[in-house]
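A look at the structure
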Amino acid sequence: MVIVLLGLTTDHFLSDTTFVSIAFQLPELGLLTLAMLMPIISGGFNLAATFTANIAGLTMAWVLQSYGGVDAGVGAFILGVIAALAAGSAAGWLMGTIIAYTGAHPILVSLSMMIFLRGLGEFLTHGGDISGFPAFVGEIGHGTLLGVPAPMWILVAAALLWHVVMTRSRLGFATRMIGSNIEATRYSGIDTRRALTLIYTLSGLMCGIAGVVMLARFNSVRVGHGESYLLITVLACFLGRVDPFGGFGRVIPVVIALVILQVIASGLNLLGANQHLATAMWGAFLLVVMILRWVWAREFLQSLFTRKPTL
């Protein structure tokens with residue numbers, strides 16, 4: 001419906017250029033949303049997602065700078081990626097361990113981690129950014145493979161991996177169980193401490209992947225990169241029918257929600273609207289969706305769309 005509406009109101013929306021632009025812009029937000037998904041389904045939160053991604057990017061940048069900066073080779077790049085993923089996983093593991101073994105609320109723990117990572121990043125970079133990377137790194141952020149932007153391939157692979165984890169693994173089952181009732185889950189024999197630690201470790205790992213993509217896209221690293229994405233990741237999860245109280249959520253609807261949000265932003269951009277208006281429209285869109293869900297739950301809409309049995 002959104003695509004049809006924007007196609008009728010703008011001249012160049014239904015074009016290859018528009019959809020390629022969407023495919024380039026979507027992966028950063030998509031990867032951070034996937035990082036937020038599992039903690040929310042488990043009844044928690046990861047407010048440190050964007051800063052974990054930036055610290056991972058800073059770690060990779062440090063490795064590349066140590067091996068020659070713009071002259072760094074493929075080996076240094078691979079080492080940088082491994083270091084970035086390790087840094088993201090370490091931040092997630094620390095959050096998960098504290099949440100699992102102390103019983104502290106995930107919002108408080110992740111907020112504390114967010115403040116720590118932000119301060120650490122500002123200290124290490126002196127409030128500036130780091131740039132000067134090999135040319136082939138930029139191809140990951142701006143190149144294409146079979147006509148599809150390279151970052152989009154990364155997002156598709158990550159989404160498929162998360163879908164398999166959530167639907168085919170014991171961790172996915174435990175994640176939903178913990179979000180529904182952590183005490184009942186513990187009494188059923190599931191090691192909730194181990195599961196929570198692994199949930200946040202995987203969330204940090206996904207943040208590390210996002211950090212690598214953001215470094216390649218922006219060709220620089222800064223602590224504040226993607227800071228505005230944080231609340232939008234939560235918006236995308238809720239729009240994708242993830243229960244805000246935990247216990248229910250799937251990957252595919254969240255990916256569809258991400259596409260809807262990015263299509264709205266791109267359409268408004270073609271209409272010449274201010275970027276802040278797109279953010280306002282995202283919030284308004286979610287409010288409308290929540291109202292429609294409430295109306296559906298009250299069976300007002302169900303009575304209109306459900307055929308009554310004939311005698």
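Residues numbered from 1 in each chain as written. Predicted model: local features only at pLDDT ≥ 70, side-chain atom pairs only at ≥ 80, totals over all residues. Heavy atoms only, no water.

Under an unreviewed UniProt entry, the name given to the protein chain is ABC transporter permease, and the source organism is Labrys miyagiensis. Its UniProt record gives the protein chain a comment under Subcellular location (unreviewed entry), which states: "Cell membrane". (UniProt positions renumbered as here; feature names shortened; annotations may be inferred.)

Concerning the overall build of the protein chain
Check the secondary structure of the protein chain and you find 14 helices and four strands. The C-alpha radius of gyration of the protein chain comes to 21 Å, within 12% of the 19 Å expected for a compact globule of 311 residues. Expressed as a percentage of the 311 residues in the protein chain, the buried residues total 48%. (Helix = DSSP H or I, 4+ residues; strand = E, 2+ residues; numbered from the N terminus. Rg over C-alpha atoms; globule rule 2.2 N^0.38 Å. Buried < 20%, exposed > 50% of the residue type's maximum accessible area, 1.4 Å probe, protein only.)

Let's talk about helix α10 (residues 192–218)
An ideal rise of 1.5 Å per residue puts 39 Å on 27 residues; α10 measures up with 38 Å between its terminal C-alpha atoms. Among the 27 residues in α10, 21 count as buried, and that is most of the element. Phi turns positive one or two residues past the end of α10, at Asn219, with a value near 55 degrees. (Expected span 1.5 Å × (residues − 1).)

Things to note about the packing of aromatic side chains
For the structure on display, the rule yields one aromatic pair. Judged by centre distance (5.7 Å) and plane angle (85 degrees), the rings of Phe77 and Phe136 are edge-to-face. With Phe77 in helix α4 (residues 74–102) and Phe136 in helix α6 (residues 135–142), this residue pair connects regions lying 59 residues apart in the sequence. (Phe/Tyr/Trp six-rings, centres within 6.5 Å; stacked < 30°, edge-to-face > 60°.)

Re the UniProt feature "transmembrane region" (unreviewed entry) in the protein chain
Under the present numbering, the feature "transmembrane region" (unreviewed entry) in UniProt falls on residues 20–38, 45–64, 76–95, 107–125, 145–166, 195–216, 251–271 and 277–296. Along residues 76–95 one finds 100% helix and 0% strand; the C-alpha atoms at either end are 29 Å apart. The span residues 195–216 is 100% helix and 0% strand, and its two end C-alpha atoms sit 32 Å from each other.

Things to note about empty space enclosed by the protein
Over the atoms, a rolled probe matching the size of one water molecule traces out where space is still vacant. Under the definition given, this model contains one cavity of 30 Å³ or more. As a volume, the largest cavity reaches approximately 40 Å³. Taken together, Ala53, Asn54, Gly57, Gly211, Met214, Leu215, Phe218, Ser220, Val221 and His225 form the lining of the largest cavity. Breaking the lining of the largest cavity down by element, the ones donating at least two residues are α3 (49–66), α10 and β4 (220–222). Residue contributions to the lining of the largest cavity peak at four residues, all from α10. A per-class count over the lining of the largest cavity returns five nonpolar, five polar and no charged. (1 Å grid on protein atoms, 1.4 Å probe; cavity = no way out; pocket = protein on both sides within 12 Å on 5 of 7 lines; lining within 4 Å. Points joined across faces, edges and corners; volume = space filled by probe spheres on them. Nonpolar A, V, L, I, M, F, W, Y, C, P; charged D, E, K, R; others polar.)

A short note on the pattern of salt bridges
Taken as a whole and assessed by the stated rule, the structure comprises two salt bridges. Residue Arg217 is joined to Glu28 by a salt bridge in which the shortest nitrogen-to-oxygen separation is 2.5 Å. One end of the pair, Arg217, is in helix α10; the other, Glu28, is in helix α2 (residues 16–41), with 189 residues separating them in the sequence. When sorted by exposure, Arg217 lands in the same class as Glu28, which is buried. In this structure, Arg186 and Glu183 form a salt bridge, with 2.8 Å as the shortest nitrogen-oxygen distance. With Arg186 and Glu183 both in helix α9 (residues 182–187) and three residues apart, the pair spans about one turn of that helix. (Salt bridge = Lys/Arg side-chain N within 4 Å of Asp/Glu carboxyl O.)

Some words on the environment of His163
Looking at the secondary structure, you find His163 in helix α7 (residues 150–168). Judged by relative accessible area, His163 falls into the partly exposed class, the value being 30%. Beyond its immediate stretch of four places on either side in the chain, His163 contacts Val251 and Ile252. (Contact = heavy atoms within 4.5 Å.)

Structural notes on the nonpolar core
One finds Leu34, Leu37, Met38 and Trp162 to be the most contacted residues of the largest nonpolar core, which totals 85 residues. The biggest single contributor to this core is α10, with 13 residues. Apart from residues lying up to four places away in sequence, Leu34 is in contact with Leu155, Ala158, Ala159, Trp162, Met206 and Val251. (Core = buried A, V, L, I, M, F, W, Y, C linked by side-chain atoms within 4.5 Å.)

So, the packing of α3 against α4
Two elements in contact, α3 and α4, have axes separated by 8 Å at closest approach and are oriented at 150 degrees. Comparing their axes, α4 and α3 come out roughly antiparallel. In the crossing of α3 with α4, the sense of the turn from one axis to the other is right-handed. On α4, the residues that touch Thr52, Ala56, Thr59, Met60, Val63 and Leu64 of α3 are Ala76, Phe77, Leu79, Gly80, Val81, Ala83, Ala84, Ala87, Gly88 and Ala91. (Axes fitted to C-alpha atoms, helices over the stretch in contact; angles between N-to-C directions. Parallel < 35°, antiparallel > 145°, perpendicular 65-115°, else oblique. Left-handed = near helix turned anticlockwise from the far one by under 90°.)

A short note on a nonpolar patch on the surface
On the surface, Val74, Ile78, Ile82 and Phe136 cluster together into a nonpolar patch covering about 360 Å² of accessible area. A total of three residues in the nonpolar patch trace back to one element, the largest contributor, which is α4. As for its position among the elements, Ile82 is in helix α4. Ile82 gets classed as exposed once you look at its relative accessible area, which sits at 52%. (Patch = residues over 30% accessible without salt bridge, like charges linked within 9 Å, V, L, I, M, F, W, Y side chains within 5 Å. Areas by Shrake-Rupley, 256 points an atom, 1.4 Å probe, with all protein chains shown as cover.)

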